[in-house]
Amino acid sequence: MTQLAYERLRADVLSCRFKPGEQLKTKDLCEDLGVSLGAVREALSRLTAEGLAVAEPQRGFRVAPVSVDELRDLTSTRIHIESICLERAIKRGDLGWEADLLAAYHTLSRTPERIHTEGAVRLNDGWASVHTQFHQKLIAACDSPWLLRIRLQLFQQTERYRQLSVPFQTVDRDTNQEHCDLMNAAVARNVPLATQLLARHMEITMNIVIAGLAAISAGASPGGQDPKRGSTVAA
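Reading guide: rules and limits
- Residues numbered from 1 in each chain as written.
- Predicted model: local features only at pLDDT ≥ 70, side-chain atom pairs only at ≥ 80, totals over all residues.
- Heavy atoms only, no water.
- Helix = DSSP H or I, 4+ residues; strand = E, 2+ residues; numbered from the N terminus.
- Areas by Shrake-Rupley, 256 points an atom, 1.4 Å probe, with all protein chains shown as cover.
- Salt bridge = Lys/Arg side-chain N within 4 Å of Asp/Glu carboxyl O.
- Buried < 20%, exposed > 50% of the residue type's maximum accessible area, 1.4 Å probe, protein only.
- Expected span 1.5 Å × (residues − 1).
- Arc of directions from axis to C-beta.
- Contact = heavy atoms within 4.5 Å.
- Core = buried A, V, L, I, M, F, W, Y, C linked by side-chain atoms within 4.5 Å.

Sorry, what's going on with the overall build of the protein chain here?
Regarding its fold elements, the protein chain presents 9 helices and 5 strands. In the protein chain, the order of α-helices and β-strands from amino to carboxyl end is α-β-α-α-β-β-α-α-β-β-α-α-α-α. Working note: accessible area of the protein chain is about 11900 Å², and carbon and sulfur atoms make up 52% of it.

What is the right way to read the pattern of salt bridges from this model?
A pair can form between side chains of opposite charge whenever their charged atoms are brought close. In this structure the tally under the stated criterion is 10 salt bridges. Note that aspartate 12 is salt-bridged to arginine 17, the shortest N-O span being 3.1 Å. The exposure class of aspartate 12 is buried, given its relative accessible area of 13%. With a shortest N-O distance of 2.5 Å, glutamate 56 and arginine 62 are connected by a salt bridge. Where salt bridges share partners, they join Glu56, Arg59 and Arg62 into one cluster.

When you look at the environment of glutamine 177 in this model, what are you seeing that I'm missing?
With respect to the helices, strands and loops of the structure, glutamine 177 is situated in helix 8 (residues 175–187). For glutamine 177, a relative accessible area of 37% translates into the label partly exposed. As for glutamine 177 and serine 109, which are separated by 68 residues in sequence, their C-alpha atoms are 9.1 Å apart.

Is there a simple way to explain helix 3 (residues 37–49) in this structure?
Structurally, the α-helix is built with 3.6 residues per turn, so residues lying three or four positions apart point the same way. Taking 1.5 Å as the rise per residue, helix 3 with 13 residues should run 18 Å; its terminal C-alpha atoms sit 18 Å apart, in good agreement. Of the residues making up helix 3, those classed as buried are Ala39, Val40, Ala43, Leu44 and Leu47. Viewed end-on, helix 3 has its buried residues packed into an arc of 130 degrees, placing them on one side of the element. The inward-facing, buried residues of helix 3 abut helix 1 (2–14), strand 1 (23–24), helix 2 (26–33), strand 2 (53–56) and strand 3 (60–63). Count one or two residues on from helix 3 and you reach glycine 51, which has phi positive near 85 degrees.

When you look at the nonpolar core in this model, what are you seeing that I'm missing?
A general trend in soluble globular proteins is that nonpolar side chains are found buried together. Judged by nonpolar contacts, the single largest core of 40 residues is most densely connected at Leu86 and Phe134. Counting residues per element, the ones that place at least two in this core are helix 4 (68–92), helix 5 (95–109), helix 6 (125–138), helix 7 (145–165), helix 8 and helix 9 (191–217). Considering every element that reaches this core, the biggest residue donor is helix 9, with 10 residues. Setting aside its immediate chain neighbours within four residues, leucine 86 contacts Leu138, Ile139, Leu182, Ala194, Thr195 and Leu198. Listed in part, the 20 residues of the second largest apolar core include Val13, Val35, Ala43 and Val63.

Help me understand helix 8 in this model?
Taking 1.5 Å as the rise per residue, helix 8 with 13 residues should run 18 Å; its terminal C-alpha atoms sit 18 Å apart, in good agreement. Looking at the buried positions of helix 8, the neighbouring elements they touch are helix 4, helix 5, helix 6 and helix 9. Two residues or fewer past helix 8, arginine 189 is found with a positive phi of approximately 60 degrees.

Take it as geometry only, folks, not as evidence of what the structure does.
Next comes the structure, spelled out in structure tokens:
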């Protein structure tokens, strides 16, 4: 029951179903999840250890806040760690790794980034899933489980920022070309180019998210973008 509560709550925090700073009321969570108070508290303690929740004396738990400074730090650290993973993957990857990466890119390139629902445009959840898979396949040949675990934690932390700012983005980008260039550099075993492209890919995403956070702070309404020109936050 604790594991179930943890997985559900973690998914809800990362998808921004629970907004940054929102109070996490244990009684309500017990009812929603159908688990005991002990299971919910243990799950919230695990989220706190991961930096996704904050424990406050006499006040319980709330979702960890977000900030531009944290996003910049997350992005910088993720670039450093993921570049190491990518370099080791390129040096150790075999033909199977290349084939898996090519297949992941093919699926990603054929999956629509945005969908129209009830007159609004939003990111396609299916695209988000295959995009995650592409980045995982890119570094899958890295031989360090610790590096891969740290990289995954950073990826999931930045995902919360991406989800939060999606409705406010107005910048166009050719993510398909970015991913294609990154894949080609990796398969060509060009470490300097591949890591350079990876860093730029993440920095573009960071700048789009920062603009989205600024729009939220300014009280902008989501959905004001041209439905034919909505941007994609990819990294």
